[in-house]
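Inside the fold
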Amino acid sequence: MLLNRQVGQMEVDQTSQHRSATLLMCPPDHFDVTYQINPWMDLDGWHDERDLWRKRAMAEWTALKETYERLGHTVLTIAPAHGQPDMVFMANCAAVMNGKALLAHFRHPERQGEEPFYRHYFADLHARGIVKDIAHLPDDMVFEGNGDAVWDPYRQMFWVGYSQRTSAAAAAHVGRVLGVEATTLEMVSERYYHLDVALAPLSGGEVVYLPEAFDAKGLANIERRVAPDKRILASADDAADFAINLVNLGQDIVLSGGTSELQDALRAAGYRLHIVPTPAFQMAGGSIYCLTQQLDWKSARQRRAGAVYGRFGRFG
């Protein structure tokens, strides 16, 4: 499944970048499974023991937040909104790169009610200097944030999934709007409705992915970009446990579980694993990555420019 991790300047830069990340989460005060917009949403199972599952969701979310804080990261929170049960899945609200936030426009009406809350919150982040710019795609394009725009720090590019949620037209614009390279991948199964449940790029250059989530062209794009010794093939069991929906911060990986084969491959690559089970959130089709939005991603070019500015002052 995997091979020795190669250590190079890019990896060192990316590891140091994430020693203190700024992450955004939304408490699950109003989290519920009240509709079905993906095949994982288990309405009957949830409502059979709704109170128990809601308590478990709060415990899982708290454990995840505490894990990030224990690892030295800063967690900001947005106030949850009544009537927006999926607002807890913060990855979908935007994609942020070099201080520029590209806000989401959801495909399903059930989630479109979240959008005004994100506009208000990001305006506040802009006023506080946490983000520098806010962008929107045209109204006829749908884009579901980091759920489909997954940053690859090793290759300095976004992988952008499209067809199930994000539109092809929007996917083609992500790199241009955010000022970085992007490679688009068509999602071919409604079970893998966002890219983040089927592909996870890691700081050392490895990419965890589920081949059956992509068409032949998408697989060819992955294989063209990712050397054989950097490919970690996940299984359907890993996908069912939402283990691909992981968060990688330097040498640390936070994930819901997965098979022993996947965990062994990640450890063999030199990563430290932190297991935070998420069965309550999986009943709505989400897990660790879905619950997390990173606000401080910076491209290598931006970091270099910042270093020059910090040492020599502004030019021009």
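Note that the coordinates shown come from a computational prediction; the quantities given were computed from them, not determined experimentally. Here the residue numbers are simple positions, counted from 1 along each chain's written sequence. With pLDDT at 70 or above as the cut-off, local features in this predicted model cover only qualifying residues; side-chain atom pairs require 80 or more to be listed or tallied, and sums for whole chains, interfaces and linings still use all residues. Values reported for side chains reflect all heavy atoms of the structure, with hydrogen atoms and water molecules removed beforehand.

Let us now look at the packing of aromatic side chains. Two rings from Phe, Tyr or Trp (for Trp, the six-membered ring) form a pair when their centres sit within 6.5 Å of each other. Planes less than 30 degrees apart are called stacked, planes more than 60 degrees apart edge-to-face, and all others tilted. Within this structure, the stated rule accounts for 11 aromatic pairs. Ring plane angle 45° and centroid distance 4.8 Å describe the contact between Phe31 and Phe281, whose orientation is recorded as tilted. Placement of the pair is Phe31 in the loop between strand E1 (22–25) and helix H2 (43–48) and Phe281 in helix H10 (residues 279–282), with a sequence separation of 250 residues. For every residue, the accessible area (1.4 Å probe, protein chains only) is compared with the maximum for its type, and the residue is labelled buried under 20%, exposed over 50%, or partly exposed between those bounds. Judged by relative accessible area, Phe31 falls into the buried class, the value being 2%. These aromatic residues form a ring-pair network of at least three members: Phe31, Trp46, Trp53, Phe89 and Phe281. Whether a charge sits over a ring depends on NZ of Lys or CZ of Arg being within 6 Å of the ring centre and within 35 degrees of the ring normal. We note Arg191 situated over the ring of Trp40; from NZ or CZ to the ring centre the distance is 4.1 Å. Helix and strand assignments come from DSSP, with helices taken as H or I runs of at least 4 residues and strands as E runs of at least 2, each series counted from the N terminus.

When DSSP finds two or more bridges between two strands, those strands count as paired. Across the sheet, which stays open at both edges, the 3 strands sit in the order E9-E10-E11 with mixed pairing between neighbours. Only two strands of the sheet have a single partner each, and these edge strands are strand E9 (199–201) and strand E11 (231–233). The average undirected angle you get between the axes of adjacent strands in this sheet is 15°. In this structure, strand E10 (residues 207–209) lies alongside E11, joined through 3 bridges in parallel fashion. The residue of E11 that forms the bridge with Tyr209 is Leu233. Here the axes come from fitting lines to C-alpha atoms, over the contacting stretch only for helices, and the angles between their N-to-C directions go from 0 to 180 degrees.

Where strand E7 (residues 157–162) lies against strand E8 (residues 181–186), 6 bridges are found, and the strand directions are parallel. Paired with Tyr162 across the bridge in E8 is Glu186. By convention a crossover is right-handed if, when the strands point away from the viewer, the path from the first strand over the helix to the second runs clockwise. Handedness of the E7-helix H6 (residues 168–178)-E8 crossover: right-handed.

This next bit is on the side chain of Gln293. Looking at the secondary structure, you find Gln293 in strand E15 (residues 293–294). Polar contact is defined as a pair of N or O atoms within 3.5 Å, subject to the rule that within protein one atom must be able to donate a hydrogen and the other to accept it, and that residues adjacent in sequence are counted only when both atoms are side-chain atoms. A polar side-chain atom of Gln293 sits 3.4 Å from the main-chain carbonyl oxygen of Ala91. A distance of 3.0 Å separates a polar side-chain atom of Gln293 from the backbone oxygen of Ala94. Residue contacts are counted whenever heavy atoms from the two residues lie within 4.5 Å of one another. Excluding residues that lie within four positions of it along the chain, Gln293 makes contacts with Thr22, Leu23, Leu24, Met90, Ala91, Cys93, Ala94, Ala95, Val96 and Asn146.

Attention shifts here to the state of the cysteines. Pairs of cysteine sulfur atoms within 2.5 Å are what we label disulfides. Per the stated rule, a full pass over the model turns up 0 disulfides. Cysteine Cys26 remains unbridged, with the sulfur of Cys93 as its closest cysteine sulfur at 9.4 Å. Its relative accessible area of 1% is what places Cys93 among the buried residues.

Per-residue confidence for the protein gives a mean pLDDT of 92, with 90% of residues at or over 70. With pLDDT under 50 throughout, residues 1–18 is counted as low confidence; its partners more than four residues away or in other chains account for 52 contacts. What pLDDT expresses is the predictor's confidence in each residue, scored from 0 to 100. This stretch, residues 307–316, has a pLDDT under 50; its non-local contacts, to residues over four places away or in other chains, come to 3 contacts.

This part is about the sheet that holds strand E3 (residues 94–97). The strand order E3-E4-E5 describes an open sheet built from 3 strands, whose pairing is mixed. Looking at the sheet topology across the chains shown, the edges are occupied by E3 and strand E5 (133–135). Averaged over all adjacent pairs, the angle separating strand axes in this sheet is 20°, with direction ignored. Here 3 bridges tie strand E4 (residues 100–103) to E5, and the two strands are oriented parallel to one another.

Here, a salt bridge means any Lys or Arg side-chain nitrogen found within 4 Å of an Asp or Glu carboxyl oxygen. The tally for this structure, following the rule as stated, stands at 9 salt bridges. Across the pair Arg111 and Glu114 runs a salt bridge, and its minimum N-O distance is 2.8 Å. The class for Glu114 is buried, based on a relative accessible area of 0%. Put simply, Glu144 and Arg165 hold a salt bridge, and the shortest N to O gap is 3.0 Å. Separated by 21 residues along the polypeptide, Glu144 in the loop between E5 and strand E6 (149–152) and Arg165 in the loop between E7 and H6 bring together distant segments of the chain.

Even without a glycine there, the phi angle at Ser163 is positive, about 105°. Following the sequence through the fold, Ser163 ends up in the loop between E7 and H6. Of note in the backbone geometry, Phe242 takes a positive phi value of approximately 55° without being a glycine. Mapping Phe242 onto the fold places it in the loop between helix H8 (236–240) and strand E12 (247–249).

This part takes up helix H9 (residues 260–268). Here H9 has its buried residues at Leu262, Gln263, Ala265 and Leu266. In a view along the axis of H9, the buried residues occupy a sector of 160°, so they form one face of it. A positive backbone phi angle near 100° is found at Gly270, which sits one or two residues after H9. To be clear, the arc concerns the directions from the helix axis to the C-beta atoms.

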